[in-house]
Amino acid sequence: MPTKRTALCACGQASITVEGGPQMQGVCHCTDCKRRTGSAFGISSYFLKTRVASTSGETSVYAFHHAARAQDQARHFCPRCGSTLYWTISSLPDLIGVAGGCFADESLPEPTHSITHRKKESWLTLPQTWKVIEE
Ligand SMILES: [Zn+2]
Ligand SMILES: [Zn+2]
């Protein structure tokens, strides 16, 4: 049986449960992730859509076209507390992105990528083993 992990919004009414580890996982330092999370970076954990075991609660969807990346995104967030919980991106049709921090107590494997690294906060030091993607 693969490990199951559940990501919850801050108030706990919405959740998503996935089986197994992420297909890819990185921290992203882009302006968008900073504003989405209110933090120094976002943790983006991508799972195969076929590994989503269940979702519960209600989410609202913030859908938009990301012109710079030429992709459509749909972000599911909790209408009560506002946490972004998971999202889909048109350029990654087989994957679902989950806000890694929402797993909170259920620890994830170490991320492998630093994305939009050029916008990383200067005080932040990351493991040198991670793959750096400048954009
Ligand atoms: Zn909530
Ligand atoms: Zn980002």
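Residues numbered from 1 in each chain as written. Chains lettered and ligands numbered in written order. Predicted model: local features only at pLDDT ≥ 70, side-chain atom pairs only at ≥ 80, totals over all residues. Heavy atoms only, no water.

**Q** Help me understand the coordination of the zinc ion (ligand 1), please; the structure alone is not making it clear to me.
**A** Around a metal, the perfect tetrahedron of four donors has angles of 109.5 degrees, and the perfect octahedron of six donors has angles of 90 or 180 degrees. At the metal site, the zinc ion (ligand 1) is ligated by C9 (SG), C11 (SG), C78 (SG) and C81 (SG), and these contacts range over 2.3 to 2.4 Å. Note that the zinc ion (ligand 1) binds four donor atoms; their angles at the metal cover 106 to 118°, and the shape is tetrahedral. For C81, a relative accessible area of 32% gives the class partly exposed. (Donors = N, O, S within 2.8 Å, 3.2 Å for Na, K, Ca; no water. Tetrahedral: all angles 85-135°; square planar, octahedral: opposite > 155°, others 65-115°. Buried < 20%, exposed > 50% of the residue type's maximum accessible area, 1.4 Å probe, protein only.)

**Q** Could you clarify how one ought to interpret the nonpolar core in this entry?
**A** Nonpolar side chains in soluble globular proteins generally cluster together in the buried interior. Grouped together as the largest cluster of nonpolar side chains are 19 residues, with contacts concentrated most on A7, I16, F47, L85, Y86, V98 and F103. Listed by contribution, the elements that provide at least two residues to this core are β2 (15-19), β4 (42-48), β8 (84-89) and β9 (95-99). Residues in contact with A7, not counting those within four places in the same chain, are A14, S15, I16, L85, V98, C102 and F103. (Core = buried A, V, L, I, M, F, W, Y, C linked by side-chain atoms within 4.5 Å. Helix = DSSP H or I, 4+ residues; strand = E, 2+ residues; numbered from the N terminus. Contact = heavy atoms within 4.5 Å.)

**Q** What is the right way to read the layout of surface pockets from this model?
**A** Over the atoms, a rolling probe the size of a water molecule traces out where space has been left empty. Within this model, the largest pocket holds a volume of roughly 430 Å³. Taken together, 23 residues form the lining of the largest pocket, with S44, Y46, R69, I89 and I115 sitting closest to its centre. At four residues, the largest contribution of residues to the lining of the largest pocket is made by strand β3 (residues 24-28). (1 Å grid on protein atoms, 1.4 Å probe; cavity = no way out; pocket = protein on both sides within 12 Å on 5 of 7 lines; lining within 4 Å. Points joined across faces, edges and corners; volume = space filled by probe spheres on them.)

**Q** Help me out: how do you make sense of the side chain of T116 in this one?
**A** Mapped onto the elements of the fold, T116 is located in the loop between β10 (113-115) and β11 (131-133). At a separation of 3.4 Å, a polar atom in the side chain of T116 contacts the main-chain carbonyl oxygen of E135. Discounting chain neighbours no more than four positions away, the residues touching T116 are C28, H29, C30, R69, I133, E134 and E135. (Polar contact = N/O pair within 3.5 Å; in protein donor to acceptor, adjacent residues only side chain to side chain.)

**Q** Mind showing me how you'd approach the sheet that holds strand β1 (residues 4-8) here?
**A** The strands making up a sheet associate through hydrogen bonds between their backbones, and the pairing can be parallel or antiparallel. Strand order across the open sheet formed by three strands is β1-β2-β5, with antiparallel pairing between neighbours. The sheet is open, and its two borders are formed by β1 and β5 (52-56), each paired with just one other strand. On average, each strand axis in the sheet is tilted by 15° relative to the strand beside it, whichever way the strands run. (Pairing = 2+ DSSP bridges. Axes fitted to C-alpha atoms, helices over the stretch in contact; angles between N-to-C directions.)

**Q** Looking at this structure, how should I read the coordination of the zinc ion (ligand 2)?
**A** Of the protein atoms, only C28 (SG), C30 (SG) and C33 (SG) coordinate the zinc ion (ligand 2), at distances of 2.1 to 2.3 Å. One chain supplies every donor to the zinc ion (ligand 2), and in sequence these donors are spaced C-x1-C-x2-C. As far as burial versus exposure is concerned, C30 and C33 are alike and both buried.

**Q** How should the pairing of strand β7 (residues 71-77) be read in this particular structure?
**A** Two faces belong to every sheet, and in a regular strand the side chains alternate between them. Within β7, five of the seven residues are buried, which leaves the element mostly enclosed by the surrounding structure. Pairing of strand β6 (residues 60-66) with β7, which is carried by seven bridges, proceeds in the antiparallel orientation. Looking at the pairing, F64 lines up with Q73 of β7. Linking two consecutive strands that pair antiparallel, namely β7 and β8, is a turn of six residues; a positive phi of about 90° is found at G82 within it.

**Q** So what exactly am I meant to see when it comes to the sheet that holds β10 here?
**A** Within the open sheet, the eight strands sit side by side as β6-β7-β8-β9-β4-β3-β10-β11. Their pairing is mixed. Two strands in the sheet have a free side with no partner beyond their single neighbour: β6 and β11. Adjacent strand axes in the sheet meet at a mean angle of 25° when their direction is disregarded. Both β7 and β8 contribute to a ladder of five bridges, which runs antiparallel. Bridge pairing links A74 to T88 in β8.

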